[in-house]
Amino acid sequence: MGVEGGSPHVGTAKITRTGGAMFDAGAATMEEARAALSTYFGYDAFRPGQERLVSAILAGRDALGVMPTGAGKSVCYQIPALTLPGLTLVVSPLVSLMGDQVRALKAAGARPSYLNSTLTVPQQNTVLKRAREGWYQIMYVAPERLADERFLAFARELAGPDGIGIPLVAVDEAHCVSQWGQDFRPSYLEIARFIDSLPVRPVVAAFTATATERVRTDIVQMLGLRRPETVVTGFDRQNLYFGVEEMGDKAKALWIRDFALSHADASGIIYCSTRRAVDELAFALGRELAPAGIRVGRYHAGMAADERTENQAAFIDDLVPVIVATNAFGMGIDKPNVRYVIHHNVPESIEAYYQEAGRAGRDGDPAECHLLWNGNDFRLRRYLIDRGDDESELDDDARERARQNRYRLLSAMEGYCETTGCLRAYILRYFGDEGALGVETASAPAHGATGAAACAEGLSGGCGNCSNCTNPAEAEDVTAIAREAVLLVRATGGRFGRALVADALHGANTERIRQYRLDEMPGFGTLASEPVAHIKDVIGQLIGRGYLSQSQGQFPTVALGPRAVEVLEEAPGKPFAFTMKRRAGGRRAAVRARQAVDLLRDEASRDARPRVGDDGALFEHLREVRRELAIERAWAPYMIASDKALRGMCRRRPTTRDELLEVPGIGEKKADDFGDAFLAEISRFEDENRS
Ligand code: ADP
Ligand code: ZN
């Protein structure tokens, strides 16, 4: 089978090819997969979604994994790659990160490779030659490569009768194949053609962190997945706190400064929507945080490539804890210990937001995500949509569709900013993962009008870990306004824009009102005591949450939305209720960022095992050891061991290699390579503190 040497090697003998078309996974295979998980990565068990996907792949079935960042997608294809005979291909758009992924796999004791334009032609030849000889278990390639004649010939040979076999093609960031998402890459359309051209069809597994129902359907179709085992897991990231704060532009900078100061030891990302905002904020923050010894980096596509790479590396290596960046930063960065992600501006969609915010807390420890916004953010976004930069090669129809799509995505973002309900519930509903955490279905009407704001969006009791759940007092009951607005929109047949509807409800005496005879409508003036601006806000919210809908174009009109029935036909016992955030008005941008939990103390109190000396002090020692090991090898510290693994050592105080292997995140290879260094440090520390 051509899988050779290379330690540690997991047996593959029980897997045989049948009929040249499929891999027959014996009953032992999941056991082998679990063994590989422990040997290479040091984990005891698959997470539930991983388990289903891996066993489907090993059984020869296609798979689709939709999981949020940090849920552990890579394991789903890496473990099959490491246990199946032959070479697994991983299609990934993130050329700049392939090197990192390969290094991390090597550090775990696997035999990975990548093939992309950063390699010279002789280097590429060497990689291909070794791959033919069965040297590698896994190869990362960019999608463009799949159309390359030389690569095609190579792949056909490999998958042919005399080749070592291609058991699996894994497609990372699979949403790039869909024009409904925002990361559409035409080169992803090559993937299906590539797979069809192979003499033996491999198992195809697709993975993405962000996919709505529509994008999911596209992925299956465009990649030609055959009855894939589909797992949509845990969009809920329980360890993340979500906060939304409306404030002026100046207040944002101050807020971020204070936040960074009160989280001085933590690593964080601050996203801005423009390069200029990045430059300005990075400069101001850098100056203000310097006295506290906090370094601030910056990253955007307008900087020189060298500087970008350098800044990114400094951030990953924990040398510069705070980075201010545009969305060009972070695709695929899997730094596990990012403790906060702050959005200085509103991103273009919930998908983008959740992906970027999701870079916090990949290690599973508590982390915070804050979105700061004001009306300027939405104005800028609309301007960018109308300008339609990256759509020059589309025809008029396609461009218009793309534009409408972007407006739709943005209006969901607006809803997120404005909702008084649980922010987590809002996001989960958006991704269709409402089963999580007892979130009710979208069509269920809201709870009683007076309940906590958290209930209004349908999460029973709230998640308790978002700004709307922990700070519900700011909700304003606007049920009456909302009801009148929906009724008037229905009565007028959805022919008018937001301003005119608001004017009519307020009872304004304007020429346009008279022109359209709105003053003769039954709803005219029913909200005379409400300011027009306030009514308009409520209508905006109704649009954002799907009770009303708004057409696109220069003179958008407001019509009934899919949830209008909840207002028009209230279910018995579940009256319609609508709340929204009280307008900033005199309210100082009230910001009480929940302090990050003192993790170490927390975890220690759960464990009664007697320990010598302070865990926090030992942690610092182990970090130092890790840093030295990392410098020796020119690796990122987390590739040596995660923060979580170090904390595990502080708690368990292993004295032998076997005890060290009990620490989550420490596999055989890591124990071999670094075990002695850590064990020695622990023992030295305990000796010193044992007086
Ligand atoms: P994704 O690709 O979905 O963003 P990763 O594959 O990078 O996520 O995994 C996120 C984190 O979870 C990593 O630190 C990874 O090592 C860890 N992880 C993955 N699978 C498991 C598991 N079964 N048990 C414990 N930790 C895991
Ligand atoms: Zn909540």
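Just so it is clear, the structure is predicted and the values come from calculations on it, not from any experiment. (Residues numbered from 1 in each chain as written. Chains lettered and ligands numbered in written order. Predicted model: local features only at pLDDT ≥ 70, side-chain atom pairs only at ≥ 80, totals over all residues. Heavy atoms only, no water.)

**With respect to the pairing of strand β13 (residues 322-325)**
If a strand is regular, its side chains alternate between the two faces of the sheet.
Alright, step 1. Residues Val-322 and Val-324 of β13 are buried on one face, and the alternating residues Ile-323 and Ala-325, pointing to the opposite face, are buried as well.
Alright, step 2. Of the pairings in the sheet, the one linking strand β11 (residues 267-271) to β13 comprises 4 bridges and is parallel in character. Pairing of Ile-270 across the sheet is with Val-324, part of β13.
Alright, step 3. Sheet topology note: the strand β12 (residues 296-299)/β13 ladder contains 4 bridges and is parallel. Note that in β13 the partner of Tyr-299 across the bridge is Ala-325.
Alright, step 4. Regarding topology, helix α11 (residues 305-316) serves as the crossover connection from β12 to the parallel β13, and that connection is right-handed. (Buried < 20%, exposed > 50% of the residue type's maximum accessible area, 1.4 Å probe, protein only. Helix = DSSP H or I, 4+ residues; strand = E, 2+ residues; numbered from the N terminus. Pairing = 2+ DSSP bridges. Right-handed = clockwise from strand over helix to strand, strands pointing away.)

**Here's the deal with the packing of aromatic side chains**
Alright, step 1. Throughout the structure, instances matching the rule amount to 16 aromatic pairs.
Alright, step 2. A ring pair is formed by Phe-235 and Tyr-354, whose centres lie 6.4 Å apart and whose planes are at 20°; its orientation type is stacked. Separated by 119 residues along the polypeptide, Phe-235 in the loop between β9 (229-232) and β10 (240-246) and Tyr-354 in helix α12 (residues 350-357) bring together distant segments of the chain.
Alright, step 3. An aromatic cluster of at least three residues, connected via ring pairs, comprises Phe-151, Phe-154 and Phe-194. (Phe/Tyr/Trp six-rings, centres within 6.5 Å; stacked < 30°, edge-to-face > 60°.)

**Observations regarding unusual backbone geometry**
Alright, step 1. At Arg-517, a position not held by glycine, the phi torsion is positive, near 55°.
Alright, step 2. Residue position: Arg-517 is located in the loop between α20 (511-515) and α21 (532-544).
Alright, step 3. Positive phi values are uncommon outside glycine, yet Arg-653 reaches one of about 50°.
Alright, step 4. With respect to the element layout, Arg-653 can be found in the loop between α26 (643-652) and α27 (657-661).
Alright, step 5. Relative accessible area serves as the criterion here: at 3%, Arg-653 is assigned to the buried category.

**Looking at α12**
Side chains three or four residues apart in an α-helix point the same way, a direct result of the helix having 3.6 residues per turn.
Alright, step 1. Most of α12 is tucked away, with 8 of its 8 residues classed as buried.
Alright, step 2. Along α12, the residues classified as buried are Ile-350, Glu-351, Ala-352, Tyr-353, Tyr-354, Gln-355, Glu-356 and Ala-357.
Alright, step 3. Buried residues belonging to α12 abut β10, β11, β14 (338-343), β15 (367-373), α14 (396-418) and α15 (423-430). (Contact = heavy atoms within 4.5 Å.)

**Quick look at the sheet that holds strand β5 (residues 112-115)**
Alright, step 1. Strand order in the open sheet made by the 7 strands is β5-β6-β4-β7-β8-β3-β9, with parallel pairing throughout. Strands with a single pairing partner mark the edges of an open sheet, and in this sheet they are β5 and β9. Here the average twist between neighbouring strands, direction ignored, is 15°.
Alright, step 2. Two strands pair when backbone bridges link them, and strand β4 (residues 88-91) and strand β6 (residues 138-141) are joined in this way by 4 bridges, in the parallel orientation. Opposite Leu-89, over in β6, you have Met-139 as the bridge partner.
Alright, step 3. Packed on one face of the sheet, helix α2 (residues 48-58) meets β3 (63-66), β7 (168-171), β8 (203-208) and β9 and runs near 165° to β9.
Alright, step 4. The strands touched by helix α4 (residues 95-107) are β5 and β6; relative to β5, the strand with the most contacts, the crossing angle is about 165°. (Axes fitted to C-alpha atoms, helices over the stretch in contact; angles between N-to-C directions.)

**Description of the coordination of the zinc ion (ligand 2)**
Reference values for coordination geometry: four tetrahedral donors around a metal ideally subtend 109.5 degrees, six octahedral donors ideally subtend 90 or 180 degrees.
Alright, step 1. Taken together, Cys-422 (SG), Cys-463 (SG), Cys-466 (SG) and Cys-469 (SG) make up the protein donors of the zinc ion (ligand 2), found 2.3 to 2.4 Å from the metal.
Alright, step 2. Classification of the site at the zinc ion (ligand 2) rests on its 4 donor atoms, whose angles at the metal span 98 to 119°, yielding the label tetrahedral.
Alright, step 3. Donor residues for the zinc ion (ligand 2), ordered by position in the chain, follow C-x40-C-x2-C-x2-C. (Donors = N, O, S within 2.8 Å, 3.2 Å for Na, K, Ca; no water. Tetrahedral: all angles 85-135°; square planar, octahedral: opposite > 155°, others 65-115°.)

**A short note on the pattern of salt bridges**
Alright, step 1. Considering all chains together, one arrives at 32 salt bridges under this definition.
Alright, step 2. For Arg-257, the salt bridge is made with Asp-258, and the minimal N-O distance between the two is 3.2 Å.
Alright, step 3. Residue Arg-257 is classed as partly exposed on the basis of its relative accessible area of 24%.
Alright, step 4. Residue Asp-258 is classed as partly exposed on the basis of its relative accessible area, which comes to 40%.
Alright, step 5. The salt bridge involving Arg-298 is made with Glu-307; its shortest N-O contact spans 3.2 Å.
Alright, step 6. The partly exposed category is assigned to Glu-307, whose relative accessible area is 30%.
Alright, step 7. Connected through shared salt-bridge partners, Arg-52, Arg-61 and Glu-229 make up one network. (Salt bridge = Lys/Arg side-chain N within 4 Å of Asp/Glu carboxyl O.)

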